Amino acid sequence: MSDFSDGTAPQIIRRPLHEQHNTLPTELHPILRRIYLARQVTDAQQLERSLHSLLPYHQLKGIDTAVRLLAHAIATHQRIVIVADFDADGATSCTIAVRALRAMGASHVDFIVPNRFEYGYGLTPEIVTTVLAKSPDVIVTVDNGISSVDGVAAATQLGMTVIVTDHHLPGKILPNADAIVNPNQPGCNFPSKHLAGVGVIFYVMLALRAYLREQHWFTQQGITEPVLANLLDLVALGTVADVVTLDHNNRILVSQGLARIRAQQSCPGIVALLNIAGRQAVTTSTMDLGFCVAPRLNAAGRLDDMSVGINCLLSDSGDSAAHYASTLDKLNQERRAIEATMRDEAMQYLQQLNQYSTQSELPYGLCFYDPNWHEGVIGIVAGRMKDRLHRPVIVFAPSRDGNIKGSARSIPGLHIRDVLDSMAAQHPHLLTKFGGHAMAAGLTLRATDFAEFSRVFDAVVRQHIGEEEIQHILMTDGDLAEGDLDLRVAEILRQAGPWGQGFPEPRFDGIFDVVTARIVGERHLKLTVRPSGGKKVMDAIQFNLHDIRGIEQLKRVKLVYRLDINEYQGVRSTQLMVEHLHAV
């Protein structure tokens, strides 16, 4: 019996426990203790999720200069324009900047988000020309700008003040901005390097509020000091959507944001996006943000104009937010159709490479390109192919400038930006431009160089990783006793997060007897199972199978699963969310 997940047999390895210096509370549930120790959480302080435990903003290099420039702009009624990135992190970052600055008394705040198909990424000279129509005195970049050397130069030459807030890795040359706030810039001592763009701008707004408070600005102007914690729902969404590592500091930000969403204190835009995705605010999880809300928000930037998404998040009216959410939902449906076609075509392309008789003979680094593919969807297709093939993948599509644009997604253990750096050093003629971070990157090259680039990419990837890193490995937290497969434990696990990148949701493995098995919704496997030798019967489901042959023969299976809660018509029951199965 084949593995219905992806046609390969993964290695199932249980996460090792880090027992050294373990001072976790003795009253902690044993399963939770095991899970935390497997994630190198060994003391109670690492479990603290209050805002008092957030890292202070003072260590962010450049933040004092940025704050003074913004305070001066507010006091002198200067025009501030936010230049945002066209993804969910950029949209939430922009929304926070606009909402916070207006709440602190800025009288002229506007935003612009580059159309990815016309202008590309970041503060380019072309975007500076476009921004001129808004007559800005100050430009603030959010979730971009650290690589915008030419764009910043163009803006400063025109007399604009430029403040860069970003989290991406810098290149060898930094833009000559009036202020740069980026935890990854040289000389920045901020302990966490994993802030998303939305986290960076949130910290800038915290520092700005503190500065204005010290200057007695709010009292003098008769302005109610804004409660910036009310923006944490946006911070949570942007952080989860950008798939940054959930270190302790990011877990605090996400946890606090989720608490506000669950308490129904979120902005109308997030509520509307949850509603149209069929999710309830009171039970929102990181999975809901990452797989339901973020894709709808991202669809605007992928296919149309992210201004639609930003206006949804800026809406103060439920009706207005619902209107924008409906538009975003339609765009997401279109995105999914395009993605499915591109993914199928990529797999067909792979199958046509007759020299690869087995998956083990595939290149270590894979590149895909078709002149009919959609530039806005290449990133998500690259991610899907990477997940399925367990190798770094770059998917390319034609751009309007005659070149081809690629979106890269990497695997644990391979820093994709380092790979592109190596390629640029060894073969400088291949890459027109590139940027990104450890797990994702964007790049541009000439279409005529695609074949050579593909060969070089595979070769350079092989310089960085070996066969061990490309193995399909599923890390689990061990098995669960039959008595622990219940709502109580499922609820404990749900509340113990937030889970996400670098702090994975608990995943278990075990042997189960199959009671029933059937296909629902064309490619989803619906099961009822009982633990081997046990009595408890429960539901299980596995989504988006690649191979549905032979399900009627399933009798006894090895499952890798997450313990979840299914809520239907007011009834709550445990459900196993299957990530892998094979017959035993």
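Each remark here, short or long, concerns the structure printed above.
The model shown is predicted, which means the values in this text are computed figures rather than measured ones. The residue numbering used here restarts from 1 in each chain and proceeds along that chain's sequence as written. Side-chain atom pairs in this predicted model are given and counted only at pLDDT of 80 or more, local residue features only at pLDDT of at least 70, and totals for whole chains, interfaces and linings cover all residues. With hydrogens and water excluded, all non-hydrogen atoms of the structure serve as input to the side-chain values.

Going along the chain from the N terminus, every DSSP run of H or I of four or more residues is numbered as a helix, and every run of E of two or more is numbered as a strand. Along its length, the chain carries 17 helices and 17 strands. Values of accessible area rely on a 1.4 Å probe in the Shrake-Rupley scheme; residue burial ignores everything except the protein chains shown. Counting every atom, the chain has about 24700 Å² of accessible surface; 48% of that belongs to carbon and sulfur. Two residue types count as positive, namely Lys and Arg, and two as negative, namely Asp and Glu; His and chain ends fall outside the count. Here the site of a charge means NZ on Lys, CZ on Arg, CG on Asp, or CD on Glu. A gap of 4 Å separates the mean positions of the 54 positive and 62 negative side-chain charges of the chain.

A word on helix H5 (residues 149–157). Taken as a whole, H5 has its buried residues at Gly151, Val152, Ala154 and Ala155. Taken down its axis, H5 places every buried residue within 160° of arc, on the same side. Away from its buried face by more than 90 degrees, H5 exposes Asp150 and Gln157. Buried-residue contacts for H5 involve helix H4 (125–131), strand S4 (138–142) and strand S5 (161–165). Positive phi shows up at Gly159, right after H5, with a value of about 90°. Burial classes follow relative accessibility: with a 1.4 Å probe on protein chains only, a residue under 20% of its type's maximum area counts as buried, one over 50% as exposed, and anything between as partly exposed. Each direction from the helix axis to a C-beta atom contributes to the arc, which is the arc of those directions. The contact criterion used throughout is that any non-hydrogen atoms of two residues lie within 4.5 Å.

Before going further, it helps to spend a moment on the pairing of S4. One face of the sheet, then the other: side chains in a regular strand alternate in exactly this way. Extensive coverage of S4 is indicated by the burial of five of its five residues. Of the two faces of S4, the one holding Val138, Val140 and Val142 and the one holding Ile139 and Thr141 are both buried throughout. The pairing criterion is simple: DSSP has to find at least two bridges between the two strands. The pairing of strand S2 (residues 79–84) with S4 spans five bridges and is parallel. In the sheet register, Val83 faces S4, and the bridge partner there is Thr141. Two elements, S4 and S5, share five bridges in a ladder whose sense is parallel. Note that in S5 the partner of Thr141 across the bridge is Val164. When the strands point away from the viewer, a crossover counts as right-handed if the path from the first strand over the helix to the second runs clockwise. Once the chain exits S4 it traverses H5 before rejoining the sheet at S5, and the crossover so formed is right-handed.

Okay, the sheet that holds strand S3 (residues 108–112) next. The strand order S3-S2-S4-S5-S6 describes an open sheet built from five strands, whose pairing is parallel. Edge positions in the open sheet fall to S3 and strand S6 (179–181), since each of these has one partner strand only. Taken over all neighbouring pairs, the strand axes of this sheet differ in orientation by 20° on average, direction set aside. Pairing analysis gives three bridges linking S5 to S6, with the strands arranged parallel. Bridge pairing in S6 links Thr165 to Val181. On top of the sheet, helix H3 (residues 88–103) reaches S2, S3 and S4; it is set at about 165° to S2, its chief contact. Axes here mean lines fitted to C-alpha atoms, for a helix over just the part in contact, with angles spanning 0 to 180 degrees between N-to-C directions.

Looking now at the sheet that holds strand S7 (residues 366–369). One open sheet holds the five strands; their spatial order is S7-S8-S9-S11-S10, and the pairing between them is mixed. Of all strands in the sheet, those with a lone pairing partner are S7 and strand S10 (433–436), marking the two edges. Neighbour-to-neighbour, the strand axes of the sheet open up by a mean angle of 15°, direction not taken into account. Relative to strand S8 (residues 393–398), S7 runs parallel, the two being bridged by four bridges. Across the sheet, the residue bridging to Phe368 is Val395, located in S8.

Two rings from Phe, Tyr or Trp (for Trp, the six-membered ring) form a pair when their centres are within 6.5 Å of each other. A pair whose planes differ by under 30 degrees is stacked, one over 60 is edge-to-face, and the rest are tilted. The full count for this structure, using the stated rule, is nine aromatic pairs. With a centroid separation of 5.2 Å and 15° between ring planes, the pair formed by Trp499 and Phe503 is classed as stacked. For the pair shown, Trp499 and Phe503 are each scored as buried. Arranged with centres 6.0 Å apart and planes meeting at 40°, the rings of Phe508 and Tyr561 form a pair that is tilted. On the criterion of sequence distance, the pair formed by Phe508 in strand S13 (residues 508–520) and Tyr561 in strand S16 (residues 556–568) is long-range, its members being 53 residues apart. Judged by its relative accessible area of 1%, Tyr561 falls in the buried class. Think of it as a cone above the ring: NZ of Lys or CZ of Arg counts as a charge over the ring if it is within 6 Å of the ring centre and within 35 degrees of the ring normal. A cation over a ring is seen here: Arg462 above Tyr364, with NZ or CZ 4.0 Å from the ring centre.

Without other data, these values stay purely geometric and don't point to any function.
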